[in-house]
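Structure assessment
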Amino acid sequence: LAKTTQPISMDSYEGQEVNITCSHNNIATNDYITWYQQFPSQGPRFIIQGYKTKVTNEVASLFIPADRKSSTLSLPRVSLSDTAVYYCLVGSLSGGYQKVTFGTGTKLQVIP
Amino acid sequence: ETGVTQTPRHLVMGMTNKKSLKCEQHLGHNAMYWYKQSAKKPLELMFVYSLEERVENNSVPSRFSPECPNSSHLFLHLHTLQPEDSALYLCASSQTSARGGYNEQFFGPGTRLTVL
């Protein structure tokens, strides 16, 4: 399973754009890159997923360079409610089910 | 109820007790997962059931025993646990597919387990 490395923590002021980078040097050809958000004492929640280039949805953008060895989650204009742990995962369907490894995540603290 | 539900939300048990955690998904998925999240540690995948068959067991001690009676329900039976087993236990579900790619996992709120 591809291992991911991301910063342990980040601070940001409200209204700023936050970029969290994840490195995954041994990503496999079939692997997708997925980001989850987790609030304390809750299960993780899917944010965004991509394979290459750029993906955007209503809450975030995901930038993936051509070599796919890293990815950047971009959160536009964060608010206090975006304070959470953000996990970067790489993985794919294996035998029909997801086989992924959660890393330690990045704890984002949004400051008023 | 929608999504993935887990009961109980909190559980305190002694080392000699037997208890069970329950997970139910209302999403029509056919794969279910148990994860363990200890303080300041990454989520650890414990078990995976795909099409009601256990397909993954990540070297979990036998004091944890999963059961998947159907595609909507998943149990984790607990017996003679240790204090270090205290953690947040999370259930998730997803839809399997014969094609490649990745299908989003939907997580429940978890059961906070404390072993005395």
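What counts, and where the lines are drawn
Residues numbered from 1 in each chain as written. Chains lettered and ligands numbered in written order. Predicted model: local features only at pLDDT ≥ 70, side-chain atom pairs only at ≥ 80, totals over all residues. Heavy atoms only, no water. Helix = DSSP H or I, 4+ residues; strand = E, 2+ residues; numbered from the N terminus. Rg over C-alpha atoms; globule rule 2.2 N^0.38 Å. Contact = heavy atoms within 4.5 Å. Areas by Shrake-Rupley, 256 points an atom, 1.4 Å probe, with all protein chains shown as cover. Lys, Arg positive; Asp, Glu negative; His and termini not counted. Charge placed at Lys NZ, Arg CZ, Asp CG, Glu CD. Buried < 20%, exposed > 50% of the residue type's maximum accessible area, 1.4 Å probe, protein only. Core = buried A, V, L, I, M, F, W, Y, C linked by side-chain atoms within 4.5 Å. Salt bridge = Lys/Arg side-chain N within 4 Å of Asp/Glu carboxyl O. Disulfide = S-S within 2.5 Å. Pairing = 2+ DSSP bridges. Axes fitted to C-alpha atoms, helices over the stretch in contact; angles between N-to-C directions.

What follows concerns the overall build of chain B. In terms of helices and strands, chain B carries 0 helices and 11 strands. Helices (α) and strands (β) of chain B occur, in sequence order from the N terminus, as β-β-β-β-β-β-β-β-β-β-β. Against the compact-globule benchmark of 13 Å for 116 residues, chain B has a radius of gyration of 14 Å, which places it among compact chains. Summarising its shape, the C-alpha atoms of chain B cover approximately 45 × 30 × 30 Å along the three principal directions. In chain B, 55% of the contacts between residues at least 6 apart in sequence involve partners at least 24 apart. Carbon together with sulfur atoms contributes 49% to the accessible area of chain B, which is approximately 5,400 Å² in total. Measuring between centres, the 11 positive side-chain charges of chain B sit 8 Å from its 10 negative side-chain charges.

A separate point is the overall build of chain A. Broken down by element type, chain A carries 0 helices and 10 strands. Overall, chain A shows an N-to-C arrangement of helices and strands of β-β-β-β-β-β-β-β-β-β. A compact globule built from 112 residues should have a C-alpha radius of gyration of about 13 Å, and chain A, at 14 Å, falls within 12% of that. Considering only C-alpha atoms, chain A reaches an extent of 45 × 30 × 25 Å along its principal axes. Counting every position in chain A, which comprises 112 residues, the buried fraction comes to 46%. Taking contacts inside chain A between residues at least 6 apart in sequence as the whole, the part at least 24 apart equals 55%. Summed over its atoms, the accessible surface of chain A is roughly 5,500 Å², and 51% of this surface lies on carbon and sulfur atoms.

In terms of nonpolar packing, the biggest core is built from 22 residues, with B:Trp34, B:Phe64, B:Leu76 and B:Leu78 touching the most fellow members. Breaking this core down by element, the ones donating at least two residues are strand 2 (10–13), strand 3 (18–25), strand 4 (31–37), strand 5 (44–50), strand 7 (64–70), strand 8 (73–79), strand 9 (87–94) and strand 11 (111–115) of chain B. With 20 residues, the next largest nonpolar core counts A:Val18, A:Cys22, A:Ile33 and A:Ala84 among its residues.

Bringing the pattern of salt bridges into the picture now. Enumeration over the complete set of coordinates arrives at 2 salt bridges over all chains. Where B:Glu44 meets B:Lys41, a salt bridge forms, and the shortest distance between an N and an O atom there is 3.8 Å.

As a further point, take the state of the cysteines. Throughout the structure, instances matching the rule amount to 2 disulfides over all chains. The disulfide bridge from A:Cys22 ends at A:Cys88, spanning 2.2 Å between sulfur atoms. Around the S-S axis, the bridge from A:Cys22 to A:Cys88 shows a dihedral of about -80° and counts as left-handed. With a gap of 66 residues between them, A:Cys22 in strand 2 (residues 18–23) and A:Cys88 in strand 8 (residues 84–94) connect regions that are remote in the sequence. Like A:Cys22, the residue A:Cys88 is buried in the burial classification. Paired through a disulfide, B:Cys23 and B:Cys91 show a sulfur-sulfur distance of 1.9 Å. Note on the B:Cys23 and B:Cys91 pair: the S-S dihedral is about -70°, so by sign convention the disulfide is left-handed. Of this pair, B:Cys23 sits in strand 3 while B:Cys91 is found in strand 9, placing the two residues 68 residues apart along the sequence. No disulfide involves B:Cys68; its sulfur sits 9.1 Å from that of B:Cys91, the nearest cysteine. Residue classification places B:Cys68 among the buried residues on the basis of a relative accessible area of 12%.

Okay, the sheet that holds strand 8 of chain B next. Each strand in a sheet pairs with its neighbour through backbone hydrogen bonds, running either in the same direction (parallel) or in the opposite one (antiparallel). Residue and element names in this part refer to chain B. Strand order in the open sheet formed by 4 strands is 1-3-8-7, and the pairing between neighbours is antiparallel. Looking at strand neighbours, the two that pair on one side only are strand 1 (4–7) and strand 7, the edges of this open sheet. Put simply, the sheet's adjacent strands are angled 20° from each other on average, direction ignored. By the bridge criterion, 7 bridges tie strand 3 to strand 8 in an arrangement that is antiparallel. Residue pairing in the sheet places Ser20 in a bridge with His77 of strand 8.

Attention shifts here to the sheet that holds strand 2 of chain A. Residues and elements named next belong to chain A. Taken together, 4 strands build an open sheet; the order of strands is 2-7-6-5 and the sheet is antiparallel. On the outer flanks of this sheet lie strand 2 and strand 5 (53–56), each paired with one strand and no other. The mean inter-strand angle of the sheet, taken between neighbouring strand axes irrespective of direction, is 15°. In this structure, strand 5 lies alongside strand 6 (residues 61–64), joined through 4 bridges in antiparallel fashion. Each bridged residue has a counterpart across the sheet, and for Lys54 the counterpart in strand 6 is Phe63.

Purely geometric stuff here, so don't read any function into it on its own.
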